[in-house]
Amino acid sequence: MSDFLHMGGYAFYVWSAYGITLMVLIGNIIVPRQAERAALAELELRLQRAKTGDT
Amino acid sequence: MGNSRGPKNPTKLVFSSLHKYASPRHFYHLSLSISPWLAWLASAMFGLGIVGGLVIAPSDYQQGDSFRIIYVHVPSAWMSLFIYVTMAAAAATALVWKIKLAEIAMRASAMLGASFTFLALVTGSIWGKPTWGTYWAWDARLTSELVLLFLYIGFIALQTAYSDRRVAARAGAVLILIGTVNIPIIHYSVEWWSSLHQGPTISKLDTPSIHIDMLIPLLVMASAFMTYYLAVMLTRMRCEILAYERNTNWVREFITARAHHS
């Protein structure tokens, strides 16, 4: 296991490259998901307001 | 549904189904059913690719274990080009036929393209230190890839600069089409100029200069990145569709139905 983490002496390079990739990929999942949730919530709110405004 | 006056002419039929799937409404519902599958597929392939690349693939006889950066670097670089070409095709479609969904696909891809270009540059830079002895050089491949990042950033900035998203999309489409000249420059940079960057190892299909145990995880990772792009792009496209179509009846009906379900 420590051999694996050591990466033949290139641990810093290998793990930082994979770490940055992981962070960017996860960030790109979270941001659009939250945006989708926010857009749906906002549209729902707008619809409810329009309904209560009519009556 | 809606096929009551279905055209008999096959050409018309093709165009009517094209029109149907290019309609934001149908695409929205289609994407909702596809998205979970893409997410699972991408996760599974990431898992396989990571194990293959970090554990199963043998270390390189020259570069040792530092070569394992290839499994995040090369797929990122491929995606940075693939997404740009996709955006250029969408841009042309949006400009010529004014198809809303093409604008939406283009806008939904920009952040992903910028992210993969950023990753290609950063992971390449990290790989460069142990292999070339430097994090950066003003070399043709690296510089043209940096120009690609600026094109993506310029496109994103342009989208926020206009209050009318359709005007923004048209301006962005022009920028993307002009920037297309950079794509062959990136691709051929390692052949046209002497470069620190190595030449192609994979695309020489008859005699690829990479061991099969190293190649398979790379292809798996590339498919994982591609599936990931499609999954995230669909989510972004749904957000864009809701913004474009917020005042239509189908969005109102969809939101109402959704509110009743939860």
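The structure contained in this document is the topic of the report that follows. The shown structure was predicted, so the numbers you read here are calculated from the model rather than taken from an experiment. (Residues numbered from 1 in each chain as written. Chains lettered and ligands numbered in written order. Predicted model: local features only at pLDDT ≥ 70, side-chain atom pairs only at ≥ 80, totals over all residues.)

**Concerning the interface of chain B and chain A**
Taken together, the contacts link 32 residues of chain B with 23 residues of chain A. At the level of secondary structure, the elements contributing two or more residues to the side of chain B that touches chain A comprise α3 (70–97), α4 (100–132), α8 (212–244) and α9 (249–261) of chain B. The biggest single contributor to the side of chain B that touches chain A is α4 of chain B, with 10 residues. Of the residues assigned to the side of chain B that touches chain A, the class counts are 17 nonpolar, 8 polar and 7 charged. (Contact = placed C-beta atoms within 7 Å. Helix = DSSP H or I, 4+ residues; strand = E, 2+ residues; numbered from the N terminus. Nonpolar A, V, L, I, M, F, W, Y, C, P; charged D, E, K, R; others polar.)

**Let's talk about unusual backbone geometry**
Although it is not a glycine, Met 7 of chain A adopts a positive phi angle of roughly 50°. Structurally, Met 7 of chain A is set in the loop between α1 (2–6) and α2 (11–54). Although it is not a glycine, Lys 98 of chain B sits at a positive phi angle of roughly 55°. Tracing the sequence through the fold places Lys 98 of chain B in the loop between α3 and α4.

**A look at the nonpolar core**
Judged by nonpolar contacts, the single largest core of 70 residues is most densely connected at Ala 17 of chain A together with Ile 69, Met 87, Ala 105, Met 106, Tyr 228 and Tyr 229 of chain B. Going through the elements one at a time, α2 of chain A together with α2 (24–56), α3, α4, α5 (140–161), α6 (165–179), α8 and α9 of chain B are the ones with two or more residues in this core. With 18 residues, the single largest contributor to this core is α8 of chain B. Every residue in contact with Met 87 of chain B, bar those within four places of it in the chain, is listed here: Met 106, Ser 109, Ala 110, Gly 113 and Ile 176 of chain B. (Core = buried A, V, L, I, M, F, W, Y, C linked by C-beta atoms within 7 Å. Buried ≥ 20, exposed ≤ 12 C-beta atoms within 10 Å, placed from the backbone.)

**Brief notes about the packing of α5 of chain B against α6 of chain B**
Residue and element names in this part refer to chain B. Interaxial distance between α5 and α6 falls to 8 Å at its minimum, and their mutual angle equals 165°. As judged from the angle between their axes, α5 and α6 are roughly antiparallel. Once α5 is placed against α6, the crossing between them reads as right-handed. For the pair α5 and α6, the contacting residues are Leu 151, Gly 154, Phe 155, Leu 158, Gln 159 and Ala 161 in the first and Ala 168, Ala 171, Gly 172, Leu 175, Ile 176 and Gly 179 in the second. Taken together, the residues of the contact of α5 with α6 break down into 8 nonpolar, 4 polar and no charged. (Axes fitted to C-alpha atoms, helices over the stretch in contact; angles between N-to-C directions. Parallel < 35°, antiparallel > 145°, perpendicular 65-115°, else oblique. Left-handed = near helix turned anticlockwise from the far one by under 90°.)

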